[in-house]
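Reading the structure
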Amino acid sequence: MAYAAVVSVVKILKQLQLSDPFPVHYPKPEIESLHEKVSSLQSSIERIFPVPGSKRSDVTKLEIQTRDSMYKAQDIIESYISKQDLSSENLSQKLQEIIAEIIPIEEKAKEIANSITQQFGETLSESTADQVPSITSKNDIVGQEKDFELVVDKLLVESAPLEIVPIIGMPGIGKTTLARSIYEDKNIEKKFNVRAWVTVSAEYNVGDIFSKLLASLERPGHPKGQNTDGIGDKKDTEQKRLLLHQSLNQNKYLIVVDDMWDEKVWDELRRSLPDDKKGSRILLTTRSKDIAKYAKQSGFRLEMEPLDEKNSWILLQKRAFAGGNCPPHLVDLGKKIANNCYGLPLSLTVIGGQLSQEAKTVQYWEIVESDIKEVAAESKAYAYMEILSLSYTHLPARLKGCFLYMGAFPEDSEIAISKLIKLWVAEGFLVPRPQPRPPSGSSQQENQVKQPEQAEQVEQTKQVEQVKLAEQIGEQCLNELVARNLIVIRKMSSISKIKSCGIHDILRDVSVKEATKEKCFHFINKYIRSELSDVVKSQRRLSVHKNILMCMEEVYDHTKSIEFTRTLLYAGSHHHHPMPSCLTFDLLRVLDALTVYFIEFPNELIKLIHLRYLSLTYNGKLPASISQLRNLQILILRRYPKIIFIGASVLPVEIWNMPQLRHLLFTESYLPDLPADHAQNSVLLENLQSVSNANIACCTEEVLRHIPNLKKLGVWSEGPGEVPFHLDQLQQLEAFKFSVLNPIPGSKVVFQPTLFFPPTLRRLTLSGCAIPWEHISIVAGLLNLEVLKLREFAFQGPEWVLDETEFPQLKYLLLEYLDFVKWEAVESNFPILENLIIRHCYELEEMSSDIGGIGTLKKIEMVDCSPSAVKWAREIEEEQEDVNINLQVRIYSSWE
């Protein structure tokens, strides 16, 4: 976390310097000097990569000194900003002491960086992380083909009783990958008409297990998953159990129970799964032979073995070179690296991912080979943990904080990418990838002769651009961690972007261990009576995995002694919060309390002036004093249960006085009116990137003019009728969603002054608008549109005839609850379409078979449409079986 701390201090100091006017009570010379030293330190640390073994101890010592000095600087500056309990003279003295402390650290960093540059040159990592990683290559199996065939045969064998098939193996041996390959096999999919998957963590909750199974259910007549949001967490566990039993009853099902730890959990789950003598199967993976024997007393149990040397090298090479071949000059080193991974697929996969992202040089591979050989020789039994820890050691400094953050979430969590990146942004982890230094020449000389005023203007413009690019940098960091196989993709979006992710439990153990060592996170998941150690008190962030613990006075008394806490994450289950007084960490930057229901607004929040990220569940209106949080970038407010108060806003008018806001997300509500005294030509929320669930009635031309840089907007109206529509004010809009809450067939929305969408739009969702089909050309005219979702009479009329209309960039098309009877389209209308989803279009009778000939088409999904539509999909499936091997046709129909 040394680098993340350096970046944070640089940003604090830069923000102070750019203050206009500069605060007179701050010692400007010391702030400028400190900024210069810390910026130089940042540049040097970026160059300390890769780190050979001979430099490892020096670098570790440097990182500790850097981290502690930066933490001290943070605490001094931010404490002064919060309380101003020091005189400017005292602050000046303390900053001078910090500068004196940093000077030798900065000099040592420069010395080490120069030494590494002399040894390895200025070559940057050969990263392909800007591209979205392929998920298909990560679930394939190498060297375990016989295991695959054995298990598949056991699952497919004809026998009526419910059978349990256990897979046993040590951590990282590939149990989950094997099970996933089996689960996704086409023969398995055809054999079982109901399938579901659940991963059981060591710290389990039975209700959560049932929820995960219900959410993953794939069954005839229904798309994947069942929503259990309306079911509670305690008394309704039995309700979830009953719902699961009913969903599986009288069906031939396959359930995968991944990573089972406990006999009691197995008993709870087993008694919930019916045995109707239909040939159902349970595929169980576990580390414990005792658990496997307990689940199945006798018969077949697969015990997985490590890979041999040949397959170890095949797997490492596959991961390091994206399926290609290793160049001859690296083969010998590569085979040595593979052999020292003891045949564990997880170790080979992670090391392969690491090698794929770095320079393909003998020098770098020798460092990796030496490191792995050393840890493998020290402890063969636990070498896999040490090898995986090396993957953290070998991370570039800018990625380390992002990886450590993964440990903040409970085991087996599915983490939304949008949330994760927002947290990274608020923490200040994200910086652009270091670029090669420009060659000396005229451009460099031109920079030197710029006037001070010009330089300051350029710097301010640069700062604004960095703010706008923060989320993009976050996506790049995420893709790099995925490419290194340190993060697992859980779900992909409609256009093949990562939607949610997770982390292997062994890698999470690495993250937790390193996070504790780096003073990054303290985890609260059980009640401990003993006093907190000095190590715990020095942690900068708290992650609460069982929210109920924070309601205990003893736990609160302990945790409040961690006085320099910057982050408080509530990662446990939802519950009411009786003790708002635990929000007394003065220097808090991030408060993620969306799972906590506040009965009353916690006024302590208003004192947390350093907050960048705030999420909570609260059913009242936010107070005007919320505007005192002048650094707030992300505000997420949820109502629970979901309540819509027509005509009321949960936000005060003072929200317009928070210029740092980047994301404003809330349950359906209104944007407040503009303040009466606002300047007509000013822009109030220039940095605002997204707004969700706002009533369209409040999105007037004047309001949208004050949020011109919005990229994502979600709006609604109560019913059909006239609505203001001024999207021409949003020339950077990329995603737009408009829903009519109470649509009336035949009653349309009238857009005033006209129906218009910005040409920058990439994603469009419309619901309940009843727009005549002849106006679809307005949508087709969006040359950047990639995703189009039309729901509940979004467009209305018996015929959709496209003629010469073309959607040139459309990849995803969803048609749901539309009343059209005839759909006339050809291949050229959708030249690069990949996904076509048609749901509940009961009247659709006539369709062109030409759509099936779109060469890029990967999936057609049809849910409960007319028999004619089902027949159309079946015919396409048959026609394209040998033509488009990538096309999957999935039909869920109550008619069959």
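Just so we're clear, the structure is a prediction, and the values are computed from it rather than from any experiment.

Details of the overall build of the protein
Looking only at helices and strands, the protein has 26 helices and 32 strands in total. Of all 896 residues assigned to the protein, the portion counted as buried reaches 54%. In the protein, once contacts between residues fewer than 6 apart in sequence are set aside, the share between residues at least 24 apart is 66%. On the protein, roughly 39100 Å² of surface is accessible, and the fraction owed to carbon and sulfur atoms is 49%.

Digging into the pattern of salt bridges
Counted under the stated rule, the structure contains 39 salt bridges. Here Arg541 ties to Glu427 by a salt bridge, and the two come within 3.2 Å at their closest N and O atoms. Taken together, the positions of Arg541 in strand β10 (residues 541-544) and Glu427 in helix α18 (residues 417-427) put the pair 114 residues apart, joining distant regions of the chain. Its salt-bridge partner being Glu816, residue Arg791 comes within 3.1 Å of it at the nearest N-O pair. One end of the pair, Arg791, is in strand β24 (residues 787-791); the other, Glu816, is in strand β27 (residues 812-816), with 25 residues separating them in the sequence.

What about helix α4 (residues 88-120)?
Across its 33 residues, α4 extends 45 Å between first and last C-alpha, which sits within 8% of the 48 Å expected from 1.5 Å per residue. Along its length, α4 reaches its greatest deviation from straightness, about 30°, at Ile102, and the proline Pro104 lies no more than four positions downstream. Downstream of α4 by a residue or two, Gly121 has a phi angle that is positive, lying close to 80°.

Concerning the packing of aromatic side chains
For the structure on display, the rule yields 23 aromatic pairs. Consider the rings of Tyr670 and Trp716, whose centres lie 5.9 Å apart with planes at 85°: the pair is edge-to-face. Taken together, the residues span a long stretch of sequence, with Tyr670 in the loop between β16 (663-669) and β17 (690-695) and Trp716 in strand β18 (residues 712-717) at a distance of 46 residues. With a centroid separation of 5.2 Å and an interplanar angle of 25°, the aromatic rings of Trp773 and Phe795 are classed as stacked. Here Trp773 is found in the loop between β23 (771-772) and α25 (776-780), whereas its partner Phe795 is found in strand β25 (residues 795-796), with 22 residues between them in sequence.

A closer look at the nonpolar core
Judged by nonpolar contacts, the single largest core of 115 residues is most densely connected at Tyr405 and Trp424. At eleven residues, the largest contribution of residues to this core is made by α4. Not counting residues within four places of it along the chain, the set of residues in contact with Trp424 comprises Cys402, Tyr405, Phe429, Leu430, Gly474, Cys477, Leu478 and Leu481. In this structure, Leu685, Ala694, Ile696 and Leu766 belong to the second largest nonpolar core, which totals 111 residues.

Points about the pairing of strand β20 (residues 735-740)
With five of its six residues buried, β20 lies for the most part within the structure. Inspection of the sheet shows β18 paired to β20 by six bridges, in the parallel sense. Across the sheet, residue Gly714 finds its bridge partner in β20, namely Lys737. Taken together, the five bridges between β20 and strand β22 (residues 763-767) define a ladder with parallel strand orientation. Bridge assignment links Ala735 to a residue of β22, and that residue is Arg763.

A few points about the environment of Gly719
With respect to the helices and strands, the residue Gly719 is situated in the loop between β18 and β19 (721-725). It is 9.0 Å that separates the C-alpha atoms of Gly719 and Ser747, two residues lying 28 residues apart in sequence. If sequence neighbours within four positions are ignored, Gly719 has contacts with Val740 and Asn742.

Some points on unusual backbone geometry
A cis amide bond links Phe49 with the next residue in sequence, Pro50, at an omega value of -5°. Of note, the bond from Gln752 into Pro753 is cis; its omega dihedral lies within 30 degrees of zero at 5°. Backbone geometry at Lys277 places phi at a positive 60°, although glycine is not the residue there. With a phi close to 60°, Lys519 is a non-glycine residue in the positive phi region. Structurally, the position occupied by Lys519 is in the loop between α21 (505-517) and β9 (522-524). Under the relative-accessibility criterion, Lys519 is labelled partly exposed at 21%.

A short note on the packing of helix α14 (residues 345-357) against helix α15 (residues 362-378)
For the pair α14 and α15, interaxial distance at closest approach is 11 Å and the crossing angle is 160°. The pairing of α14 with α15 is recorded here as roughly antiparallel in orientation. As α14 packs across α15, the resulting crossing turns out to be right-handed. Here Ile351, Gln354 and Leu355 of α14 come into contact with α15, specifically with Tyr364, Trp365, Val368 and Ile372. Broken down by class, the residue content of the contact of α14 with α15 amounts to six nonpolar, one polar and no charged.

Points about the sheet that holds strand β26 (residues 799-801)
Across the sheet, which stays open at both edges, the three strands sit in the order β26-β28-β30 with parallel pairing between neighbours. Two strands bound the open sheet, and with one partner strand each, they are β26 and β30 (846-847). Summarising the sheet, β26 and strand β28 (residues 822-824) pair through three bridges and their orientation is parallel. Directly across from Glu799, in β28, lies its bridge partner Lys822.

Topic: the pairing of strand β1 (residues 163-168)
Of all six residues that make up β1, five are buried, and the element is covered over most of its length. When β1 meets strand β4 (residues 281-286), the two strands line up parallel, connected through six bridges. Along β4, the bridge assignment pairs Ile164 with Ile282. When β1 meets strand β5 (residues 302-303), the two strands line up parallel, connected through two bridges. Bridged to Ile168 within β5 is Glu303.

Considering a positive patch on the surface
Where like charges cluster on the molecular surface, the positive patch consists of Lys497, Lys499, Lys712, Lys737 and Arg763. On the basis of relative accessibility, which here comes to 30%, the residue Arg763 falls in the partly exposed class.

Looking at a negative patch on the surface
Residues Glu875, Glu878, Glu879, Glu881 and Asp882 make up a contiguous surface patch of negative charge. Within the secondary structure, Glu875 is located in helix α26 (residues 867-880).

A few points about the sheet that holds strand β2 (residues 194-199)
Ordered by their spatial adjacency, five strands build an open sheet running β2-β3-β4-β1-β5, and the pairing between neighbours is parallel. Each edge of the open sheet is held by one strand with a lone partner, namely β2 and β5.

Digging into the state of the cysteines
Across all of its chains, the model carries zero disulfides by this definition. No disulfide involves Cys477; its sulfur sits 4.5 Å from that of Cys402, the nearest cysteine.

Comments concerning the packing of helix α5 (residues 145-156) against helix α6 (residues 175-183)
Viewed as axis vectors pointing N to C, α5 and α6 meet at an angle of 50°, and their least axial separation amounts to 10 Å. Classified by the angle between their axes, α5 and α6 sit oblique to one another. By crossing handedness, the relation of α5 to α6 is classed as right-handed. Where α5 abuts α6, its residues Asp147, Phe148, Val151, Val152 and Leu155 lie against Leu178, Ser181 and Ile182. For the contact of α5 with α6, the residue count by class is six nonpolar, one polar and one charged.

Section: the environment of Leu761
With respect to the helices, strands and loops of the structure, Leu761 is situated in the loop between β21 (749-753) and β22. According to the relative accessible area criterion, Leu761 is buried, its value standing at 0%.

Points about helix α17 (residues 397-405)
Of all the nine residues making up α17, eight are buried; the element is thus mostly covered by neighbouring parts of the structure. Taken together, the buried positions of α17 are occupied by Arg398, Leu399, Lys400, Gly401, Cys402, Phe403, Leu404 and Tyr405.

A word on the confidence of the model for the protein
Here the protein shows a mean pLDDT of 86. Residues at 70 or above account for 87%. Every residue in residues 124-132 scores below 50 in pLDDT, and together they form 25 contacts with partners more than four places removed in sequence or on other chains. Counted against residues more than four places away or in other chains, residues 436-450, with its pLDDT under 50, gives five contacts.

Cut-offs used in this document
- Residues numbered from 1 in each chain as written.
- Predicted model: local features only at pLDDT ≥ 70, side-chain atom pairs only at ≥ 80, totals over all residues.
- Heavy atoms only, no water.
- Helix = DSSP H or I, 4+ residues; strand = E, 2+ residues; numbered from the N terminus.
- Buried < 20%, exposed > 50% of the residue type's maximum accessible area, 1.4 Å probe, protein only.
- Contact = heavy atoms within 4.5 Å.
- Areas by Shrake-Rupley, 256 points an atom, 1.4 Å probe, with all protein chains shown as cover.
- Salt bridge = Lys/Arg side-chain N within 4 Å of Asp/Glu carboxyl O.
- Expected span 1.5 Å × (residues − 1).
- Bend = angle between axes of the 7 residues up to and from the residue.
- Phe/Tyr/Trp six-rings, centres within 6.5 Å; stacked < 30°, edge-to-face > 60°.
- Core = buried A, V, L, I, M, F, W, Y, C linked by side-chain atoms within 4.5 Å.
- Pairing = 2+ DSSP bridges.
- Axes fitted to C-alpha atoms, helices over the stretch in contact; angles between N-to-C directions.
- Parallel < 35°, antiparallel > 145°, perpendicular 65-115°, else oblique.
- Left-handed = near helix turned anticlockwise from the far one by under 90°.
- Nonpolar A, V, L, I, M, F, W, Y, C, P; charged D, E, K, R; others polar.
- Patch = residues over 30% accessible without salt bridge, like charges linked within 9 Å, V, L, I, M, F, W, Y side chains within 5 Å.
- Lys, Arg positive; Asp, Glu negative; His and termini not counted.
- Charge placed at Lys NZ, Arg CZ, Asp CG, Glu CD.
- Disulfide = S-S within 2.5 Å.
- pLDDT = per-residue confidence, 0-100.

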